[in-house]
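# Summary of the model geometry
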Amino acid sequence: EAGVTQFPSHSVIEKGQTVTLRCDPISGHDNLYWYRRVMGKEIKFLLHFVKESKQDESGMPNNRFLAERTGGTYSTLKVQPAELEDSGVYFCASSQEGLGMMGEQFFGPGTRLTVL
Amino acid sequence: AQKVTQAQTEISVVEKEDVTLDCVYETRDTTYYLFWYKQPPSGELVFLIRRNSFDEQNEISGRYSWNFQKSTSSFNFTITASQVVDSAVYFCALSVYTRGSRLTFGEGTQLTVNP
């Protein structure tokens, strides 16, 4: 069974540009999460989808970030326009429906975003 | 608010030594879960263990063991007879019932095991 995949693995853009990150969760997992680790700090929660609905987006830093999950399958996270402080590693995770609280969140390898 | 503190930023040991990674958490919730994840050089986070707040029984899995103490709000992780392959960043995380399933992570501990 394929794990959580993320694309691209690395992205280098200039300040003001737009970048879109993609996450493909494990098939059948209704819960999808985005997290971010900035500058060796702790990994911080961004948002949580249950199927196509945003369950919790309280961690989104500002309105330059837009997350979508069309059809409850893959998800995209768009940053527009990107700022220097957006640099970091963006992780996606998924878990089975109803088990998000107790179960294991399976993480992808992350996308390393560098904004110059 | 929830908080997880991993005071050890970096630890370096020689192979076969035992090493303990500390984790202290803060929450006012009585129902919560604690996790440890390993991040090897390949980058993905690998789940190691989950513990709920009502189960203080310590757990051992091979060379890994976990000590959960509610009295000190700690959930420490010990690797016995460390190996080079244990080198990774280790994250402790907390999930509380009233905040859904989001994880609150500590800053991670970089463990280097030298041959």
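Treat the numbers as computed from the prediction; the structure is a model and nothing was measured.

On to the environment of B:E15. Residues and elements named next belong to chain B. Relative to the helices and strands, E15 is located in the loop between β2 (10-14) and β3 (19-21). Residues E15 and D55, spaced 40 residues apart in sequence, show a C-alpha to C-alpha distance of 32 Å. Here E15 is in contact with S82, Q83, V84, V113, N114 and P115, once residues within four sequence places are set aside.

Soluble globular proteins tend to pack their nonpolar side chains together in the buried interior. B:W36, B:F77, B:Y90 and B:L111 are the most contacted members of the largest nonpolar core, which totals 24 residues. Of all the secondary-structure elements, those providing two or more residues to this core are β2, β3, β5 (32-39), β8 (64-69), β9 (74-79), β10 (88-96) and β12 (109-114) of chain B. No other element matches the five residues that β10(B) contributes to this core. By size, the runner-up hydrophobic cluster in this structure holds 21 residues, among which are A:L21, A:I26, A:F65 and A:C92.

Let us now look at the interface of chain B and chain A. Taken together, the contacts link 22 residues of chain B with 21 residues of chain A. Both sides of the chain B and chain A interface together cover about 1,800 Å² of buried area, and 57% of this is carbon and sulfur. Contact with chain A buries area across many residues of chain B, yet B:S101, B:R102 and B:E107 alone supply 31% of it, more than any other trio. Linking chain B with chain A are one salt bridge. The closest approach of N and O atoms between A:D56 and B:R102, which form a salt bridge, is 3.4 Å.

Calculation rules
Residues numbered from 1 in each chain as written. Chains lettered and ligands numbered in written order. Predicted model: local features only at pLDDT ≥ 70, side-chain atom pairs only at ≥ 80, totals over all residues. Heavy atoms only, no water. Helix = DSSP H or I, 4+ residues; strand = E, 2+ residues; numbered from the N terminus. Contact = heavy atoms within 4.5 Å. Core = buried A, V, L, I, M, F, W, Y, C linked by side-chain atoms within 4.5 Å. Buried < 20%, exposed > 50% of the residue type's maximum accessible area, 1.4 Å probe, protein only. Buried area = accessible area lost by both parts, 1.4 Å probe. Salt bridge = Lys/Arg side-chain N within 4 Å of Asp/Glu carboxyl O.

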